[in-house]
Amino acid sequence: MAATGNTNVVKIPAGILPKDACVVLVRTEWNDSVVGELEAGARKLLAEQGIDKVTTITVPGAVEIAFAIRAYWEAKKYWDDRPHAFIALGCVIKGDTPHFDYVCKAVTDGVVLLNHELPVPTIFGVLTVLTEEQAMERLGGPHGHKGEEAAITALKMIALQRSFKK
């Protein structure tokens, strides 16, 4: 989703917006100031696009994101307000131990597995950075706003899935 690699990620083609979509944000408590900005960016973009069915679930850490998404889906999959997409939001900053590597792999594997198993997309909006400065650069700096980009990706994936049903 880096702005330097995909200049179309921030462009939503006219006529594809799923106005009735339900989007669930699953965010971590760790690095709350950064994750709060990711959430704010995602919510802002979704509101600008007319999406008002947005729910936030907070989990302790990034490893718990996949569990919360799966549990929420299982609880809501037969309801009228079931999610059309999930957005995983977190920030893992490298420390002095290999813990960073394990957490990043676990959250990445969890999101990939959810995309294989659930009938709705799970968007990877988790920053995996070396420093807090790098995280801040991804909140509207030279690397774009990753929360907004995750929301755009969710809308595009919902629209793509709906296009298969036409």
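Residues numbered from 1 in each chain as written. Predicted model: local features only at pLDDT ≥ 70, side-chain atom pairs only at ≥ 80, totals over all residues. Heavy atoms only, no water.

Draft legend 1. Structural view of the sheet that holds strand E2 (residues 53–59). Sheet architecture is open: four strands sit in the order E2-E1-E3-E4, paired in parallel fashion. Looking along the sheet, the strands with just one partner apiece sit at the ends: E2 and strand E4 (122–129). Along the sheet, successive strands turn relative to each other by an average axial angle of 15°, direction set aside. The pairing of strand E1 (residues 22–28) with strand E3 (residues 85–93) spans five bridges and is classified as parallel. Across the sheet, residue arginine 27 finds its bridge partner in E3, namely leucine 89. (Pairing = 2+ DSSP bridges. Helix = DSSP H or I, 4+ residues; strand = E, 2+ residues; numbered from the N terminus. Axes fitted to C-alpha atoms, helices over the stretch in contact; angles between N-to-C directions.)

Draft legend 2. A look at the environment of arginine 70. Among the secondary structure elements, arginine 70 is positioned in helix H2 (residues 65–76). Sequence separation between arginine 70 and leucine 118 is 48 residues, and the spatial gap between their C-alpha atoms is 8.0 Å. Setting aside residues up to four positions removed in sequence, arginine 70 forms contacts with Leu114, Glu117 and Leu118. Separated by 2.4 Å, the side chains of arginine 70 and glutamate 117 make a polar contact. (Contact = heavy atoms within 4.5 Å. Polar contact = N/O pair within 3.5 Å; in protein donor to acceptor, adjacent residues only side chain to side chain.)

Draft legend 3. Here's a closer look at the packing of helix H1 (residues 32–48) against helix H5 (residues 146–163). At a minimum axis separation of 7 Å, H1 and H5 run at an interaxial angle of 45°. When the axis of H1 is compared with that of H5, the two are oblique. When the axes of H1 and H5 are compared, the crossing they make is right-handed. Between H1, through Leu38, Gly41, Ala42, Lys44, Leu45 and Leu46, and H5, the contact on the second element is made entirely by Lys146, Gly147, Glu148, Ala151, Ile152 and Leu155. In terms of residue class, the contact of H1 with H5 is made up of seven nonpolar, two polar and three charged. (Parallel < 35°, antiparallel > 145°, perpendicular 65-115°, else oblique. Left-handed = near helix turned anticlockwise from the far one by under 90°. Nonpolar A, V, L, I, M, F, W, Y, C, P; charged D, E, K, R; others polar.)

Draft legend 4. Quick look at the packing of aromatic side chains. As enumerated under the stated definition, the model contains one aromatic pair in all. Aromatic side chains tyrosine 72 and phenylalanine 86 sit 6.2 Å apart centroid to centroid with 85° between the ring planes, which places their arrangement in the edge-to-face category. Here tyrosine 72, found in helix H2, pairs with phenylalanine 86, found in strand E3; they are 14 residues apart in sequence, far enough to count as distant. The buried category is assigned to tyrosine 72, whose relative accessible area is 16%. Taking the ring centre of tryptophan 79 as reference, the NZ or CZ of lysine 76 above it sits at 4.1 Å. (Phe/Tyr/Trp six-rings, centres within 6.5 Å; stacked < 30°, edge-to-face > 60°. Buried < 20%, exposed > 50% of the residue type's maximum accessible area, 1.4 Å probe, protein only. Lys NZ or Arg CZ within 6 Å of the ring centre and 35° of its normal.)

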